[in-house]
Amino acid sequence: MTSHEPDLVERFSESLKAKNRQPATVESYCRDAQDFLRFLEKSHLTLDTVEPQTLLWFRDHLRDASGERENSVRRKVIGVRQFFRFLADDRKILSSPFDMMPIPERDDSLDAGLSESRFKALIQQVSEPGIKNRRDRSLLYLLAYEGLKASEIIDLKWRDLIQSKRTQTLSVPGLKSRTIQLQDATSQALTEYSETFQAWLRHQSPEARERYPWMFVAFKGKELPLVLPRMTRHGLKFMLHELGEKLGFKHLHTETLRHHAMCYQLAIGRGPEDVMVHLGLRRLGNIGKHLAQYRNPT
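Residues numbered from 1 in each chain as written. Predicted model: local features only at pLDDT ≥ 70, side-chain atom pairs only at ≥ 80, totals over all residues. Heavy atoms only, no water.

**A short note on the overall build of the protein chain**
Condition: Here a strand is any run of E in DSSP of at least two residues, a helix any run of H or I of at least four, and the numbering for each starts at the N terminus. The contact rule is simple, with two residues in contact once any of their heavy atoms fall within 4.5 Å.
A tally of regular secondary structure across the protein chain gives 13 helices and five strands. When contacts within the protein chain are restricted to residue pairs at least 6 apart in sequence, long-range pairs at least 24 apart make up 60% of them.

**Overview of the packing of aromatic side chains**
We apply this condition: In summary, the pairing rule links any two rings of Phe, Tyr or Trp, Trp by its six-membered ring, whose centres are within 6.5 Å, and it sorts them by plane angle into stacked for under 30 degrees, edge-to-face for over 60 and tilted for everything else. Three labels apply to residues, based on accessible area from a 1.4 Å probe with only protein chains included: buried if under 20% of the type maximum, exposed if over 50%, partly exposed otherwise in between.
Under the defined criterion, the tally for this structure stands at 21 aromatic pairs. A centroid spacing of 3.9 Å and a plane angle of 5° characterise the contact between tyrosine 145 and tyrosine 264, whose relative ring orientation is stacked. Residue tyrosine 145 is found in the loop between helix H6 (131-144) and helix H7 (150-154), and its partner tyrosine 264 is found in helix H11 (residues 254-267); the two are separated by 119 residues along the sequence. Tyrosine 264 sits in the buried class, given a relative accessible area of 17%.

**Re the packing of H6 against helix H8 (residues 184-201)**
Which entries qualify depends on this criterion: Lines fitted to C-alpha atoms define the axes here, with helix axes fitted over just the stretch in contact, and angles between the N-to-C directions of these axes take values from 0 to 180 degrees. For classification, angles of less than 35 degrees are called roughly parallel, those exceeding 145 degrees roughly antiparallel, those between 65 and 115 degrees roughly perpendicular, and all remaining angles oblique. Whether a crossing is left-handed or right-handed is set by the direction in which the near helix is turned from the far one by less than a right angle, anticlockwise for left-handed and clockwise for right-handed.
One can describe the packing of H6 onto H8 by two numbers: an axis separation of 9 Å at closest approach and a directional angle of 150°. Relative to H8, the element H6 is oriented roughly antiparallel. At the point where H6 passes H8, the crossing takes the left-handed sense. Here Ile131, Arg134, Arg135, Arg137, Ser138, Tyr141 and Leu142 of H6 lie close against H8, whose contacting residues are Ala185, Thr186, Ala189, Leu190, Glu192, Tyr193, Thr196, Phe197 and Trp200.

**Points about the pattern of salt bridges**
Opposite charge on two side chains permits them to pair, given that their charged atoms come into close proximity. We count it as follows: Salt bridges are counted wherever a side-chain nitrogen of Lys or Arg sits within 4 Å of a carboxyl oxygen of Asp or Glu.
Enumeration over the complete set of coordinates arrives at 14 salt bridges. Linking arginine 75 and aspartate 32 is a salt bridge whose minimum nitrogen-to-oxygen distance equals 3.0 Å. One end of the pair, arginine 75, is in helix H4 (residues 70-89); the other, aspartate 32, is in helix H2 (residues 23-42), and 43 residues separate them in sequence. Residue arginine 75 is classed as partly exposed on the basis of its relative accessible area of 31%. One salt bridge connects arginine 135 with aspartate 136, and the closest N-O pair in it is separated by 2.7 Å. An identical accessibility class is assigned to arginine 135 and aspartate 136; each is buried. Overlapping salt bridges, with partners in common, bring together Asp32, Asp35, Arg38, Arg75 and Lys76 in one network.

**Side note on helix H1 (residues 8-18)**
Residues lying three or four places apart along an α-helix face the same way, a consequence of the helix completing one turn every 3.6 residues. The criterion, for reference: The directions considered for the arc are those from the helix axis to the C-beta atoms.
Among the residues making up H1, those that are buried are Leu8, Val9, Phe12, Ser13, Ser15 and Leu16. Down the axis of H1, the buried set is contained in an arc of 165°. They therefore lie on one face. Facing away from the buried side of H1, by more than 90 degrees, are the exposed residues Glu10 and Ala18. Tucked into the core, H1 has its buried residues touching H2 and H4. Positive backbone phi, at 65°, marks asparagine 20, one or two positions downstream of H1.

**With respect to the environment of leucine 247**
As for its placement among the helices and strands, leucine 247 is situated in helix H10 (residues 233-247). Along the chain, leucine 247 and alanine 121 lie 126 residues apart, while their C-alpha atoms are 7.9 Å from each other. Beyond its immediate chain neighbours, meaning those up to four positions away, leucine 247 contacts Ala121, Leu122 and Gln125.

**Comments concerning the sheet that holds strand S1 (residues 161-163)**
Selection rule: For two strands to be treated as a pair, DSSP must find at least two bridges joining them.
Across the sheet, which stays open at both edges, the three strands sit in the order S1-S2-S3 with antiparallel pairing between neighbours. Lying at the two open borders of the sheet, with one neighbouring strand each, are S1 and strand S3 (178-181). Direction aside, neighbouring strands of the sheet carry axes that sit 25° apart on average. Examined bridge by bridge, strand S2 (residues 168-172) and S3 share four bridges and lie antiparallel to one another. Its bridge partner lying in S3, serine 171 is registered against threonine 179.

**Digging into H4**
We count it as follows: Take the residue count of a helix, subtract one, and multiply by 1.5 Å to get its expected span.
Taking 1.5 Å per residue as the helical rise, H4 with its 20 residues ought to reach 28 Å, and the 29 Å between its terminal C-alpha atoms agrees with that figure. Positioned one or two residues after H4, arginine 91 has a phi angle of 65°, which is positive.

**Notes on the pairing of S3**
Of the two faces of S3, only one is covered, namely that formed by Arg178 and Ile180; the face formed by Thr179 and Gln181 stays uncovered. With antiparallel pairing between neighbouring strands as the criterion, S2 and S3 make up a hairpin whose turn holds five residues, including glycine 174 at a positive phi of roughly 115°.

**What about the side chain of histidine 260?**
Selection rule: Any pair of N or O atoms that falls within 3.5 Å is considered a polar contact. Within protein, one atom must be able to donate a hydrogen and the other to accept it, and sequence-neighbouring residues count only if both atoms are side-chain atoms.
Tracing the sequence through the fold places histidine 260 in helix H11. Residue histidine 260 is classed as buried on the basis of its relative accessible area, which comes to 6%. In terms of polar contacts, histidine 260 uses its side chain to reach the side chain of glutamate 116, at 2.9 Å.

**With respect to the packing of H11 against helix H12 (residues 272-279)**
One can describe the packing of H11 onto H12 by two numbers: an axis separation of 10 Å at closest approach and a directional angle of 140°. The angle between H11 and H12 falls in the class oblique. Considering how the two elements wind past one another, H11 and H12 form a crossing that is right-handed. Along the contact surface, H11 presents Arg258, Met262, Gln265 and Leu266, while H12 presents Pro272, Val275, His278 and Leu279.

Right under this line is the structure:
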């Protein structure tokens, strides 16, 4: 059996939806399945030749070649196991070769994060005018000061930004929807981006303007000739990777900036419960660890 029957991942997606899995889980597991299928293709393997050792090779590939973090590796392994259970249930294979394999242990240690001075160095990289720099500057503040998740950011629309006389608030969409008051630096960055974006939009046709309700657009091409209506998770990931590479920050990702946001919110005097509400969390989790570290620095 080949690894790339065109509808395998699509049918996997439908089976997950039928089990009432959350949309983010469906997207994540399907992405893991696609990554594994690409790995099989590069390794000249097919689905019916996969054995337990293959998952170990894939795990090592994620750690070494792709530089994935331990918890990301763990999540992808779980996604691949789910995919192979689906293949067995769908009679594409006799049985899953991975059910008896242990799942890697979760790493509950704190993300190393980055200091405020290193964050300011990132901001300095996008301090010049221009629609892309102002977009990226806004994204950094939303991630590192407000603690938004990638899925929340790409779903933001301009209508979610609410301006009052003194402050700006943001209606964060998604499963953990909430309204948050923005820090001054975040508000200023969004205001500058909005002004630049609206100036750009006025030069578009009326029909084209209707295609841009989302707050964060995407750019394609070296000279940014194409402006696409909506940023993707991959685009956000690539933007952070590109900025991090310029300053020698390896593996800069959204979770690193979310940990920074936890520390920042605590540092400005917010209590743990307030930080939980601001970040849309149901449990104290890493906030408690950051609080202990903040009170008892080593």
